[in-house]
Structures are given as structure tokens and as C-alpha cells.
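Residue strings, one per chain:
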Amino acid sequence: MTRTIDYGNLMHRAMRELIRSVLRDVQSNGLPGNHHFFITFDTTHPNARFAAWLGERYPKEMTVVLQHWFDALDVSDAGFSVTLKFSGKPEVLFVPFDAITTFADPSVEFGLRFETAAGSEEVEEAPMDSDPDEAKPKDAEIVSLDSFRGPRK
């Protein structure tokens, strides 16, 4: 059996660590400047935790926005928990890092998309083409990241 270097999984772990580091910094110091995050995650992940009504409304994936109001951000090695408002009501979510499918910071046109193909995960940088002033949610919102992506090549 020939040993190979699994670059896909190595990249996967490195990008998850980048997200973990960014969120730990925000946990300690708050969001700097105009930075804000759109985080899409797989709601079917066995370790994801959120209100049952959210799971019914978003049975496959959910995008949350960390921008104007969020509370109790707590980052662990496994994932992060945060309190967000949905229709004015605070809800606690736990998002495992392995459940994240897209992470974007439109303020600096940065994005990552994690894609699974045939049992292995691949990471690609998602191009970001947007004006961060276009969308300023007051509470957590579910959004489509297609509006932030440039044309696919």
C-alpha cells in the first residue's frame, strides 16, 4: 500500500483552525471595524444544537450573521456557541466547526466554502464581490450567500 499525503484533509483542518482563531479573537476583543461574518452550517450535523423550531424551518442548513448584536460567544475546540435574536427572541446555538459549510467576511471580501465529494472534504476560497453596506441586519438573519459570490469560472 502506497502512503500519500492527504492535502484535502490537511487544508480542511487548517481552514477550520483559521475560523476557530478568528472567533476566539472576537470572543476576547469583539468585532473590529466593519468586520462581520456569515456562517452557514449543516443543521443535520449530530452535534449542532439549536431550538427545535429553527431545525424545522431550516432542515438542511442555516446561515447566521454575527454583526450588530450577538451575545455569549463561547469558542471551544469543537465549535462555538452564541446567542442570536430570531424575530426579536434570543436563541442559543451551538455550531460544531465540522458542521460549517461556508464562512464569509464580506467587509474584506474573504470567504471559505467547504465541499464534500466522495467522502473527502475539499476547501475552496469563495470569491466575494459585495459592498458591506448593502446588508446591515439588526438581528440574526438567514441569507443566501449567492449574493456575495462573483461569477464562477
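Here the structure is a predicted model, which is why all the values come from computation and not from measurement.

Digging into the nonpolar core
Okay, step 1: Counting 29 residues, the largest nonpolar core has Phe41, Met62 and Phe80 as the members making the most contacts within it.
Okay, step 2: If you list the elements that add at least two residues to this core, you get helix H1 (7-29), strand S1 (37-42), strand S2 (61-66), strand S3 (71-75), strand S4 (79-86), strand S5 (89-96), strand S6 (100-105) and strand S7 (110-117).

Focus on the pairing of S2
Okay, step 1: Of all six residues in S2, five are buried, a share of seventy percent or more.
Okay, step 2: For S1 and S2, the ladder comprises six bridges, and the chain directions are antiparallel. When the sheet's bridge partners are listed, Phe41 is paired in S2 with Met62.

Here we look at the pattern of salt bridges
Okay, step 1: Under the criterion given, the structure shown has four salt bridges.
Okay, step 2: Between Glu17 and Arg20 there is a salt bridge; the shortest N-O distance is 2.4 Å. Placement of the pair is Glu17 and Arg20 together in helix H1, with a separation of three residues, close to one helical turn.
Okay, step 3: The exposure class assigned to Arg20 is buried, which follows from its relative accessible area of 13%.
Okay, step 4: Between Lys89 and Glu91 there is a salt bridge, and its shortest N-O distance comes to 3.2 Å.
Okay, step 5: Residue Lys89 is classed as partly exposed on the basis of its relative accessible area of 47%.
Okay, step 6: When its relative accessible area of 10% is taken as the criterion, Glu91 is described as buried.

Section: a nonpolar patch on the surface
Okay, step 1: A grouping of Ile5, Tyr7 and Leu10 is seen on the molecular surface, where their side chains present a nonpolar patch of about 330 Å² in accessible area.
Okay, step 2: Relative to the helices and strands, Tyr7 resides in helix H1.

What about H1?
Okay, step 1: Spanning 23 residues, H1 covers 33 Å between terminal C-alpha atoms, matching the ideal 33 Å at 1.5 Å per step.
Okay, step 2: Those residues of H1 that sit buried are His12, Met15, Arg16, Ile19, Arg20, Leu23 and Val26.

As for the pairing of S5
Okay, step 1: By the bridge criterion, eight bridges tie S4 to S5 in an arrangement that is antiparallel. Paired with Leu84 across the strands is Glu91, a residue of S5.
Okay, step 2: Linking S4 to S5, which pair antiparallel, is a turn of two residues; within it Ser87 sits at a positive phi near 55°.

Let's talk about the sheet that holds S3
Okay, step 1: Read from one edge to the other, the open sheet built from three strands follows the order S3-S4-S5, with strand pairing classed as antiparallel. The sheet terminates laterally at S3 and S5, the two strands that pair on one side only. On average, adjacent strands in this sheet sit at an angle of 20° to one another, irrespective of strand direction.
Okay, step 2: Pairing geometry for S3 and S4, over three bridges, is antiparallel. Of the residues in S4, the one forming a bridge with Asp71 is Thr83.
Okay, step 3: Packed onto the sheet, H1 meets S3 and S4 and runs at close to 140° relative to S3.

Thresholds, definitions, all that
Residues numbered from 1 in each chain as written. Predicted model: local features only at pLDDT ≥ 70, side-chain atom pairs only at ≥ 80, totals over all residues. Heavy atoms only, no water. Core = buried A, V, L, I, M, F, W, Y, C linked by side-chain atoms within 4.5 Å. Buried < 20%, exposed > 50% of the residue type's maximum accessible area, 1.4 Å probe, protein only. Helix = DSSP H or I, 4+ residues; strand = E, 2+ residues; numbered from the N terminus. Pairing = 2+ DSSP bridges. Salt bridge = Lys/Arg side-chain N within 4 Å of Asp/Glu carboxyl O. Patch = residues over 30% accessible without salt bridge, like charges linked within 9 Å, V, L, I, M, F, W, Y side chains within 5 Å. Areas by Shrake-Rupley, 256 points an atom, 1.4 Å probe, with all protein chains shown as cover. Expected span 1.5 Å × (residues − 1). Axes fitted to C-alpha atoms, helices over the stretch in contact; angles between N-to-C directions. Contact = heavy atoms within 4.5 Å.

These results come straight from atomic positions and should not be treated as a statement about function.
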